[in-house]
Amino acid sequence: GDSVTQMEGPVTLSEEAFLTINCTYTATGYPSLFWYVQYPGEGLQLLLKATKADDKGSNKGFEATYRKETTSFHLEKGSVQVSDSAVYFCALSDGSGGSNYKLTFGKGTLLTVNP
Amino acid sequence: EAEVAQSPRYKITEKSQAVAFWCDPISGHATLYWYRQILGQGPELLVQFQDESVVDDSQLPKDRFSAERLKGVDSTLKIQPAELGDSAMYLCASSNIYEQYFGPGTRLTVT
């Protein structure tokens, strides 16, 4: 079945540091890939997505590129802020680009950014 | 901005009791999902509705869990009887064709 593997956390960085959170996936078809963020006490929010190979999703300074050859979708940000502290989830949906398909999530990576 | 509403936000119940959670999706969203998120894990799908019909309930423990979405709008997830291992965050989401939107969740503690 489909699965998502994220790098183990927690990750602790200083403000303005470079962030990478690794994500790899296993899927039988051509999945869409997502990064969701969960702030303390809140539900999940979509951060960015990519629906086909070589697509780059970006939002709020975060980026991730859909790499079919390495089955990866690593999250990056050039300069993190304290407000980026949250849990980040990589996810896939085995659908044809739409969102009306169930999501398969990784275990999440806790990011803490110190001033 | 429209949001997915869930209630209650927190629930403490004793083992073997019944418990129910409610979800009101974003207006116009035909697809509704219930996920369970165990502490330290990612959410896992329990059940997916398209309008009032169940599309996927393969991971729903049907001996104790039930879900309904009468009239294809709001939805209720029930557990009877609750077990200690059911302690988790229960997340509801609804979607259009572009994005799944998540509610704030109900945190269940079974004692």
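Residues numbered from 1 in each chain as written. Chains lettered and ligands numbered in written order. Predicted model: local features only at pLDDT ≥ 70, side-chain atom pairs only at ≥ 80, totals over all residues. Heavy atoms only, no water.

## A look at the packing of aromatic side chains
Step number 1: Under the criterion given, the structure shown has 11 aromatic pairs over all chains.
Step number 2: Pairing Tyr36(A) with Phe102(B) gives two aromatic rings, centres 5.5 Å apart and planes at 80°, and the pair type is edge-to-face. Of this pair, Tyr36(A) sits in strand E5 (residues 32-38) while Phe102(B) sits in strand E10 (residues 100-102), on two different chains. Per residue, the accessibility class of Tyr36(A) equals that of Phe102(B), and both read buried.
Step number 3: Where Phe105(A) meets Phe102(B), the ring centres are 6.2 Å apart and the plane angle is 75°; that geometry is what we call edge-to-face. On the criterion of chain membership, the pair formed by Phe105(A) in strand E11 (residues 104-105) and Phe102(B) in strand E10 is interchain, its members lying in two chains. Just as Phe105(A) is buried, Phe102(B) falls in that class too. (Phe/Tyr/Trp six-rings, centres within 6.5 Å; stacked < 30°, edge-to-face > 60°. Helix = DSSP H or I, 4+ residues; strand = E, 2+ residues; numbered from the N terminus. Buried < 20%, exposed > 50% of the residue type's maximum accessible area, 1.4 Å probe, protein only.)

## A short note on the interface of chain A and chain B
Step number 1: The interface of chain A with chain B comprises 19 residues on the first partner and 22 residues on the second.
Step number 2: Counting the surface lost from both chain A and chain B, the interface buries some 1500 Å², and carbon and sulfur atoms represent 47% of this.
Step number 3: If you look at where chain A meets chain B, you find zero salt bridges.
Step number 4: The interface formed by chain A and chain B includes three residue pairs in polar contact (both at pLDDT 80 or more).
Step number 5: Contributing elements (two or more residues each) for the side of chain A that touches chain B: E5 and strand E6 (44-50) of chain A. (Contact = heavy atoms within 4.5 Å. Buried area = accessible area lost by both parts, 1.4 Å probe. Salt bridge = Lys/Arg side-chain N within 4 Å of Asp/Glu carboxyl O. Polar contact = N/O pair within 3.5 Å; in protein donor to acceptor, adjacent residues only side chain to side chain.)

## A word on the sheet that holds strand E7 (residues 56-59) of chain A
Residue and element names in this part refer to chain A.
Step number 1: Pairing in this open sheet of four strands is antiparallel, and the strands run E3-E9-E8-E7 from one edge to the other. The two strands at the open ends of the sheet, each matched to only one other strand, are strand E3 (19-21) and E7. Averaged over all adjacent pairs, the angle separating strand axes in this sheet is 15°, with direction ignored.
Step number 2: Bridging between strand E8 (residues 62-65) and strand E9 (residues 75-77) involves three bridges; their strand directions are antiparallel. Bridging across to E9, Glu63 finds its partner in Glu76. (Pairing = 2+ DSSP bridges. Axes fitted to C-alpha atoms, helices over the stretch in contact; angles between N-to-C directions.)

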